[in-house]
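Commentary on secondary and tertiary structure
These are the residues of each chain, in order.
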Amino acid sequence: MWVPWVCGLLALLTIAGAELVVGGRLDPGSPVPAMVLNGQRSSTISKARLVRMVLRFAERDLDELADDLSRAADPASFDERLRDFQSKRHNPYRSVYVIDTSGRLLAQAGGQPHPDRLPVVPTSAGTTDAIDIDHVPVTLHYAPLGFGKNGRAVAVGEYDLTGLRRAVHVRGTATAWVVNSRGEVIYSTAGFTAFQQLATPELRAAALSPAARSQVSLLGQAGSQQIVVSVPIRGRGRWPGPLWRLVIARNADTVGLPGSRTRDQALLAALATTVVTVGAFGWLYVIWLRPLRRLVRDAERLAAGDLSTRVEVRRYDELGLAARALEGVRVALIRDAAPAAGPGLDRRLSLPPGREL
């Protein structure tokens, strides 16, 4: 009985595998629909706007800090105000500090300040390009302020670009990179080395594109295409900021293409066939094979002369009828052997307690 069942199991699993391999293969001739490309473009544009919004919110917080400091009559109170600002729950800066027009540090809170990384003491609010501080991409937001009678200073916040994590988050197998104007990676959703170029020439070309608008391109051969969207990140108003780009790459077979839908349907059919096959095999084993092997053991025990163990009847189907028949044979053998053996009947032939002949 094992042989046909195992052969049937292997045959059904082979059919499931064939469905997965043949039916799930992406048709090399199927083009990527324009609707899919437009959807990827719209999603990337939305994320680029979210990045600009996050950076604008951080600059707005620094502006509010500068306004608060400008109302202070004495620079000695700057430290306390900076500590209060740094202790806010959603403070975006790793370090904040105040420098005067000569670049001298007046107050600071948070991590180690780096006032020397500002190229010049700015006279208007803005943001620097990403710089390398302790091997971490950081931008410097700054906001000039006046205090006292003629005092002038600048509030500076060091913004760690890992704060863009939620804004740039992508689902599935897609990967996103934020690159500076030189095409160097300053943030990515995957592992990356700061200020290095992207891995492939096609991605580097997308990162260095001079186009002011979003670009969508298909890279690779048909059947293994990659949808790459490159969108400029540049604000308006007080934070035009440096020209960065958001580049998102996604395998074409992971989006809603006709070929990928065929593959998903084939995968579902293969999994369903496997589950049904394993379930049917398990049902046959539990319902038929295991009780039948128990009957075989009971019959072998009777053939060996052991009449003391009762054949249990647990079912009411054909296997239950066979078990009742074996139990009747055992009782009949005990009844026939008892008069012939007399009082010296071997204990193996005795009835269990409470059993009448």
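Residues numbered from 1 in each chain as written. Predicted model: local features only at pLDDT ≥ 70, side-chain atom pairs only at ≥ 80, totals over all residues. Heavy atoms only, no water.

Regarding the pattern of salt bridges
Short version of the rule: Basic side-chain nitrogens of Lys or Arg form a salt bridge, by our definition, when they fall within 4 Å of a carboxyl oxygen of Asp or Glu. A simple rule labels every residue: compare its accessible area, found with a 1.4 Å probe on the protein chains alone, to the largest value its type can have, and call it buried under 20%, exposed over 50%, or partly exposed in between. Working definition: helices are DSSP H or I runs of at least four residues, strands are E runs of at least two. Numbering for both runs from the N terminus.
Per the counting criterion, the structure on display carries eight salt bridges. We note a salt bridge from Arg 182 to Glu 184, for which the minimum N-O separation is 3.1 Å. The class of Arg 182 is partly exposed, set by a relative accessible area of 44%. Residue Arg 310 is joined to Glu 327 by a salt bridge in which the shortest nitrogen-to-oxygen separation is 3.8 Å. One end of the pair, Arg 310, is in the loop between helix H6 (258–303) and helix H7 (318–341); the other, Glu 327, is in helix H7, and 17 residues separate them in sequence. Each member of the salt-bridge network shares a partner with another, and the members are Asp 68, Arg 71 and Arg 81.

Observations regarding the packing of aromatic side chains
What counts is decided by this rule: Here a pair means two rings of Phe, Tyr or Trp (six-membered ring of Trp) with centres within 6.5 Å. Their orientation is stacked below 30 degrees between planes, edge-to-face above 60, and tilted elsewhere.
Evaluated as defined, the whole model comprises four aromatic pairs. Plain terms: the ring middles of Tyr 93 and Tyr 159 are 6.1 Å apart, the flat faces sit at 80 degrees to each other, and that makes the pair edge-to-face. Of this pair, Tyr 93 sits in strand S1 (residues 93–100) while Tyr 159 sits in strand S6 (residues 151–160); the two residues are 66 residues apart in sequence, bridging distant segments of the chain. Here Tyr 93 and Tyr 159 have matching classes, each one buried. On the numbers, 6.2 Å between centres and 70 degrees between planes, the contact of Tyr 187 with Phe 192 is edge-to-face.

Brief notes about helix H3 (residues 78–86)
Rule in force here: The reported arc concerns the directions from the helix axis to the C-beta atoms and nothing else. Residues count as neighbours in contact if any of their non-hydrogen atoms are within 4.5 Å of one another.
For H3, the full list of buried residues reads Phe 78, Leu 82, Phe 85 and Gln 86. Taken down its axis, H3 places every buried residue within 95 degrees of arc, on the same side. Those residues of H3 that are buried are in contact with helix H2 (34–70), S1, strand S2 (105–110) and strand S5 (136–147).

Here we look at the pairing of S1
Successive side chains on a regular strand alternate, one facing one side of the sheet and the next facing the other. Rules: DSSP-based pairing: two strands are paired if at least 2 bridges between them are found.
Among the eight residues that make up S1, seven are buried, leaving the element largely enclosed by the rest of the structure. Pairing geometry for S1 and S6, over seven bridges, is antiparallel. Note that in S6 the partner of Ile 99 across the bridge is Val 154. As paired strands, S1 and S2 are joined by five bridges and run antiparallel to one another. Paired with Val 98 across the two strands is Ala 107, which belongs to S2.

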